[in-house]
Amino acid sequence: MEDFKANREIINQAVDKPVIAQSSPNRTRLAVSLFYFGQGIAFASWASRIPDIKHTLNLSDGALGSILLALPLGQLITMPISGRLVTKYGSKIILTITAPLYVLALSNLGLATAPWHLAAFLFLFGVIGNMCNIAVNTQGVEAEKLFTKPIMTSFHGAWSIAGFSGALVGLLMVNLHVIPYYHFWIIVALIWINVFFNYKHLVPGKGAQTERKPKLFIKPEGVLLQLGIIGFCSMATEGAMFDWSGVYFKEIVKAPSSLVILGYASFMVMMATGRFVGDTIIARLGRKRTIQFSGIIISTGMFISVFFPFVVTATLGFMLVGLGVSSIVPTVYSVAGKNGKIAPGMAIAMVSSVSYLGFLMGPPLIGYISALSSLQYSYAVIGCFGLFVSFLVTKIKAIA
């Protein structure tokens, strides 16, 4: 979900013009929230069936790690293209087109009969997903202009709730012995219905034209690099949980097939909860303490699941990891945008460029380490990221 923010500079450029809504603000807010929900449930549906697809294709941990790289690679390559499309045609048009295509690309994943099929379909899933992500995030910024209070957090909360819902649907599909392809087509139908009834309520209009070409990566310096590294660790953890939690529960925890998705579901529900209460916690503790505690919580959760690989303890551990990662990246972006030396959009883009590498590299890293040792050891390595976050944030004076 955090790759929604990776192109914040592009989004900022695309929403400079005043917003004129065709529907009431609340109806527009609902429509945008449902599009966020659609994004989340589509991604969660894929994540929930990774263990089944891995088994069907008889993939080793190392092979799966390499194949999983195709999805973020597709997202990464498409970043500049997505920004140009949204800027030229407007987020409403691009979102209306790409949202149905995104779930159609999801259904293709259920057709894979060879490793290279899965890699190709994942790459396409990433390409269309990035276009959809930029469009829906731009819609979120435009919809927020209709209100006198910030509402962006609620949109990202909708994505997280969708992730949990998608995990529950996946659990149901597994228990009903529904193959991934049919499962994914149920999601296709759901999203297409959502698009049909809600596209007309999105914020209309085109983004402002700009002569600046969006860059794939911008070299960060000083405190922005430190913030980017913190974001990297958090997003690497998220990527590891998204793509490997089901496999971990199946192969290490030895959970019954009906409970394999429990780890992913527990992670997602706590991440969603953390995002809805994060602002209150930050107001009480401050940003620095919040990130420090978040890093410790991540490591505690990971180490519990590593040293006590049982259903109850691993579920508790994954819940702690979800709570730990929930506030780190939003807080890091907030601090970057208020740095006072560089324009907010530019600063966020710099930090995002480094942070997003974590989401790109986390899942393959798990696979490679697992191939050399074990999946359990891989999760122990990720657990160290939380401790590093807690240590690094103490060195950043810009975070209060």
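Calculation rules
- Residues numbered from 1 in each chain as written.
- Predicted model: local features only at pLDDT ≥ 70, side-chain atom pairs only at ≥ 80, totals over all residues.
- Heavy atoms only, no water.
- Helix = DSSP H or I, 4+ residues; strand = E, 2+ residues; numbered from the N terminus.
- Buried < 20%, exposed > 50% of the residue type's maximum accessible area, 1.4 Å probe, protein only.
- Contact = heavy atoms within 4.5 Å.
- Expected span 1.5 Å × (residues − 1).
- Axes fitted to C-alpha atoms, helices over the stretch in contact; angles between N-to-C directions.
- Parallel < 35°, antiparallel > 145°, perpendicular 65-115°, else oblique.
- Left-handed = near helix turned anticlockwise from the far one by under 90°.
- Nonpolar A, V, L, I, M, F, W, Y, C, P; charged D, E, K, R; others polar.
- Polar contact = N/O pair within 3.5 Å; in protein donor to acceptor, adjacent residues only side chain to side chain.
- Phe/Tyr/Trp six-rings, centres within 6.5 Å; stacked < 30°, edge-to-face > 60°.
- pLDDT = per-residue confidence, 0-100.
- Salt bridge = Lys/Arg side-chain N within 4 Å of Asp/Glu carboxyl O.
- Patch = residues over 30% accessible without salt bridge, like charges linked within 9 Å, V, L, I, M, F, W, Y side chains within 5 Å.
- Areas by Shrake-Rupley, 256 points an atom, 1.4 Å probe, with all protein chains shown as cover.

What to know about the overall build of the protein
And step 1. The secondary structure content of the protein amounts to 16 helices and zero strands.
And step 2. For the protein, the proportion of its 400 residues judged to be buried stands at 59%.
And step 3. Put simply, 86% of the contacts in the protein that link residues at least 6 apart link residues at least 24 apart.

A closer look at helix α16 (residues 375-393)
And step 1. The end-to-end C-alpha separation of α16 is 28 Å, in line with the 27 Å expected for 19 residues at 1.5 Å each.
And step 2. Inspection of α16 places Leu375, Ser378, Tyr379, Ala380, Ile382, Gly383, Phe385, Gly386, Val389, Ser390, Leu392 and Val393 among the buried residues, and these make up the whole buried set.

Remarks on the packing of helix α10 (residues 223-251) against helix α13 (residues 311-325)
And step 1. Between α10 and α13, the shortest axis-to-axis distance is 10 Å and the interhelical angle comes to 160°. In terms of orientation, α10 lies roughly antiparallel with respect to α13. Crossing handedness for the pair α10 and α13: left-handed. Contact with α10, carried on its side by Ser234, Thr237, Glu238, Met241, Ser245, Tyr248 and Phe249, involves Val311, Ala314, Thr315, Phe318, Val321 and Val325 of α13 and no other residues of that element.
And step 2. The class makeup of the residues in the contact of α10 with α13 is eight nonpolar, four polar and one charged.

With respect to the side chain of Ser326
And step 1. Examined against the element boundaries, Ser326 turns out to sit in the loop between α13 and α14 (328-337).
And step 2. Look at Ser326 and you get buried, because its relative accessible area is 2%.
And step 3. A distance of 2.7 Å separates a polar side-chain atom of Ser326 from the backbone oxygen of Leu323.
And step 4. The residues contacting Ser326, other than those within four sequence positions of it, are Met271, Gly274 and Arg275.

Structural notes on the packing of aromatic side chains
And step 1. All chains considered together, the criterion is met by 10 aromatic pairs.
And step 2. Pairing Tyr248 with Tyr379 gives two aromatic rings, centres 4.5 Å apart and planes at 15°, and the pair type is stacked. Here Tyr248, found in helix α10, pairs with Tyr379, found in helix α16; they are 131 residues apart in sequence, far enough to count as distant.
And step 3. Accessibility expressed as a relative area gives 0% for Tyr248, which makes it buried.
And step 4. Between Phe303 and Phe307, the aromatic rings sit 6.2 Å apart at their centres with planes inclined by 45°, giving tilted as the arrangement. Here the residue Phe303 and the residue Phe307 both occupy positions in helix α12 (residues 287-307), the gap between them amounting to four residues, near one helical turn.
And step 5. Put simply, the rings of Tyr248, Phe249, Phe318 and Tyr379 touch in pairs and so form one group of aromatic residues.

Side note on the environment of Asn58
And step 1. Within the secondary structure, Asn58 is located in the loop between α3 (50-56) and α4 (61-68).
And step 2. Expressed as a C-alpha distance, the spacing of Asn58 and Pro115, which sit 57 residues apart in the sequence, is 9.0 Å.

Observations regarding α12
And step 1. Between the first and last C-alpha of α12 there are 30 Å, a value that for 21 residues agrees with the 30 Å anticipated at 1.5 Å per step.
And step 2. Taken together, the buried positions of α12 are occupied by Lys288, Thr290, Ile291, Ser294, Gly295, Ile298, Ser299, Gly301, Met302, Ile304, Ser305 and Val306.

Notes on the confidence of the model for the protein
And step 1. Chain-level pLDDT for the protein is 82 on average; 84% of the residues reach the 70-or-more range.
And step 2. At the low end of the mean pLDDT range in the protein sits helix α1 (residues 8-14), at 48; at the high end sits helix α9 (residues 180-198), at 95.
And step 3. Across residues 1-6, confidence stays below pLDDT 50; counting only partners more than four residues off in sequence or on other chains, it has 29 contacts.
And step 4. Below pLDDT 50 for its whole length, residues 207-218 participates in 32 contacts with residues either more than four positions away or in separate chains.

Brief notes about the pattern of salt bridges
And step 1. Considering all chains together, one arrives at three salt bridges under this definition.
And step 2. Between Asp61 and Lys54 there is a salt bridge; the shortest N-O distance is 3.4 Å. For the pair Asp61 and Lys54, one class covers both residues: buried.

With respect to a nonpolar patch on the surface
And step 1. On the surface, a cluster of nonpolar side chains totalling about 610 Å² of accessible area is made up of Tyr89, Ile93, Ile97, Leu101, Leu104, Trp185 and Trp192.
And step 2. Elements with a contribution of two residues or more to the nonpolar patch: α6 (91-109) and α9.
And step 3. For the nonpolar patch, the element with the most residues is α6, which contributes four residues.
And step 4. Along the polypeptide, Leu101 turns up in helix α6.
And step 5. Since its relative accessible area comes to 37%, Leu101 is described here as partly exposed.

Section: the environment of Asn198
And step 1. With respect to the element layout, Asn198 can be found in helix α9.
And step 2. Classification of Asn198 as buried rests on a relative accessible area of 5%.
And step 3. The spacing of Asn198 and Leu34 is 164 residues in sequence and 8.0 Å in space, taken between C-alpha atoms.
And step 4. When near neighbours in sequence (up to four residues on either side) are disregarded, Asn198 contacts Arg27, Ala31, Leu34 and Phe35.
And step 5. One polar contact links Asn198 to Asn194, side chain to side chain, over a distance of 2.8 Å.

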